[in-house]
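Close look at the chain arrangement
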Amino acid sequence: MLTVTFVRHGQSTDNVRHVWAGWADAPLSQRGKEQAEALGAYFSQTLFTKIYASPLKRAATTAAFVLAAQPAPQPPHDFTIESVKEQNFGVAEGKPWCSPDNRISKSLSEYMSEGKYPTPRPGERFTDGESDEDLAVRATQAVDEVIMPHVRSAARAGRAEHIALVSHGLCIGALIFALLKRDSRNVTPTREYTGMQNTAWARVVIKMQDVADDTPIDLTDEDILPLIVTVMDFGRADHLVKLKFNAGGTGKIAYDPKQQDIRAFFSGAAKTVVTKHYESDARNGIDGETKN
């Protein structure tokens with residue numbers, strides 16, 4: 001059995017600016033750093049087999065906080081997975097997003113010629129960017145190259161594995177959908193897996209059909225595996241319950257690990273906040289609806 005915990009990155013400085021942020025490599029904001037710290041503390045008693053992340057700063061830094069909170073010996077990690085980067089928005093990167101005018105019929109290219117960047121329709125893409133269909137292809141590649149090897153190794157050994165994958169809102173939705181397409185029961189997803197707030201997480205469990213979890217299986221890399229794929233959680237953010245919202249604008253300030261916490265600047269001394277809330281204590285989470 002394989003458990004995959006998908007995590008959306010912490011708040012970035014581009015998230016605060018409300019601009020299109022796909023491959024643009026903005027760092028975590030101070031708020032994002034605090035979210036990532038709380039996330040790491042929350043998962044500190046969850047032993048991951050391996051931790052993966054997109055190479056974009058906001059995801060890799062979030063993953064680093066999760067890794068740092070893992071007990072020794074820390075699990076292996078790879079924060080260079082290009083296939084789990086966010087959707088590329090091309091020329092719209094860094095530009096403010098807007099809603100299309102539904103009263104008129106206007107193409108995406110016409111909007112762009114006016115310097116406006118509304119949400120593309122299905123199949124559309126900004127110049128030099130990716131469509132949702134392109135993202136789906138990339139997500140399938142990530143499932144094949146990152147997730148399925150763990151499914152096979154867990155099945156061969158007759159053991160459970162649990163990996164964490166820190167990525168981005170739209171990409172996580174595409175990854176979950178790509179996994180559900182592997183379900184041998186041909187179940188059609190009844191919802192879209194989008195709208196996670198920063199550092200919210202989702203969990204998917206993948207099992208071999210009609211095989212006990214502790215039964216080793218002799219299989220090759222070419223064997224087609226009959227899988228049961230179940231989404232156990234989506235949009236969970238229990239770790240943010242006790243995190244106070246700071247209305248002072250620190251979300252717009254980039255987190256710099258070489259500097260003292262921004263709180264030291266205003267209060268004269270840095271304060272360390274210890275979050276004593278673990279996944280094992282989790283109850284009902286918070287489902288936050290946030291634009292990517």
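A look at the overall build of the protein chain
- Within the protein chain one finds seven helices and six strands.
- When the elements of the protein chain are put in sequence order from the N terminus, they spell out β-α-α-β-α-β-α-α-β-α-β-β-α.
- When the 292 residues of the protein chain are sorted by exposure, 51% land in the buried category.
- Considering only residue pairs separated by 6 or more positions, the protein chain has 80% of its internal contacts joining residues 24 or more positions apart.
- Surface summary for the protein chain: the accessible area is close to 14,600 Å², and the carbon and sulfur share equals 52%.

What about the pairing of strand β6 (residues 227-236)?
- β6 sits mainly inside the fold: seven of its 10 residues count as buried.
- For strand β5 (residues 201-208) and β6, the ladder comprises seven bridges, and the chain directions are antiparallel. Looking at the pairing, M208 lines up with L227 of β6.

Overview of the packing of helix α2 (residues 30-42) against helix α3 (residues 57-68)
- Put simply, α2 and α3 touch, their axes get as near as 8 Å, and they point 35° apart. Between α2 and α3 lies a crossing of right-handed hand. Each of K33, A36, E37, L39 and G40 in α2 lies in contact with α3, whose residues at this interface are T62, F65 and V66.

Rules used in this analysis
Residues numbered from 1 in each chain as written. Predicted model: local features only at pLDDT ≥ 70, side-chain atom pairs only at ≥ 80, totals over all residues. Heavy atoms only, no water. Helix = DSSP H or I, 4+ residues; strand = E, 2+ residues; numbered from the N terminus. Buried < 20%, exposed > 50% of the residue type's maximum accessible area, 1.4 Å probe, protein only. Contact = heavy atoms within 4.5 Å. Areas by Shrake-Rupley, 256 points an atom, 1.4 Å probe, with all protein chains shown as cover. Pairing = 2+ DSSP bridges. Axes fitted to C-alpha atoms, helices over the stretch in contact; angles between N-to-C directions. Left-handed = near helix turned anticlockwise from the far one by under 90°.

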